[in-house]
Amino acid sequence: MTTDQFCVKCRRKMRVAKAGQEVLELTEKGVPYKLMTGDVLRCPECDYDVVARFGEVTAQHNDDFKERVARLRSLGYGLLEVV
Ligand SMILES: [Zn+2]
């Protein structure tokens, strides 16, 4: 197994552009569901970005989930909210 990522269009190995990207996954109705930390990977040819390689995952049933979401949102930057 490998965590390497390749751009299909350019056939280049993607490089880490940012480590420790916080990602908040929302339900289709916009309700916070899962908080994860991953890496932003960028194609060196076309600058296409993806976020992948997630490590720690905090789900909505965890005790500190709402507090962590509120804190990250209050920081005003850096949190990527996805559906
Ligand atoms: Zn590319």
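Residues numbered from 1 in each chain as written. Predicted model: local features only at pLDDT ≥ 70, side-chain atom pairs only at ≥ 80, totals over all residues.

J.: Would you mind showing me how to read the overall build of the protein chain here?
T.: A tally of helices and strands in the protein chain yields 1 helix and 7 strands. Shown N-terminal to C-terminal, the secondary structure of the protein chain runs as helices and strands in the order β-β-β-β-β-β-α-β. Based on the C-alpha atoms only, the size of the protein chain along its principal axes is roughly 40 × 30 × 25 Å. Looking at the 83 residues of the protein chain, the share that counts as buried comes to 8%. For the protein chain, long-range pairs separated by at least 24 residues make up 49% of all intrachain contacts whose partners lie at least 6 apart in sequence. (Helix = DSSP H or I, 4+ residues; strand = E, 2+ residues; numbered from the N terminus. Buried ≥ 20, exposed ≤ 12 C-beta atoms within 10 Å, placed from the backbone. Contact = placed C-beta atoms within 7 Å.)

J.: Would you mind going over the pairing of strand E5 (residues 49-52) with me for this structure?
T.: The pairing of strand E4 (residues 32-42) with E5 spans 4 bridges and is antiparallel. In the strand pairing of E5, Arg 42 is matched with Asp 49. The turn joining E4 and E5, which pair antiparallel and follow one another in sequence, is formed by 6 residues; a positive phi near 65° is taken by Asp 47. (Pairing = 2+ DSSP bridges.)

J.: Teacher, can you tell me more about unusual backbone geometry here?
T.: Excluding glycine, most residues fall at negative phi; most peptide bonds, likewise, are trans. One non-glycine residue, Arg 11, lies in the positive phi region at around 60°. In this structure, Arg 11 sits in the loop between strand E1 (6-7) and strand E2 (12-13). In this model, Arg 53 sits at a positive phi of 55°, which is unusual for a non-glycine residue. Examined against the element boundaries, Arg 53 turns out to sit in the loop between E5 and strand E6 (57-59). With 16 C-beta atoms counted inside 10 Å, the residue Arg 53 sits in the partly exposed group.

J.: It is not clear to me how the pairing of strand E3 (residues 15-26) should be interpreted in this structure. Could you clarify?
T.: On a regular strand, each side chain points to the face opposite its neighbour's, so the side chains alternate between the two faces of the sheet. Two strands pair when backbone bridges link them, and E3 and E4 are joined in this way by 10 bridges, in the antiparallel orientation. When the bridges of E4 are listed, Leu 26 appears paired with Pro 32. Where E3 folds back onto E4 in an antiparallel hairpin, the turn is made up of 5 residues, including Gly 30, whose phi is positive at roughly 85°. Where E3 and strand E7 (residues 80-82) come together, 3 bridges link them in parallel fashion. Within the sheet, the bridge partner assigned to Val 23 lies in E7 and is Leu 80.

The analysis is restricted to geometry; functional conclusions fall outside its scope.
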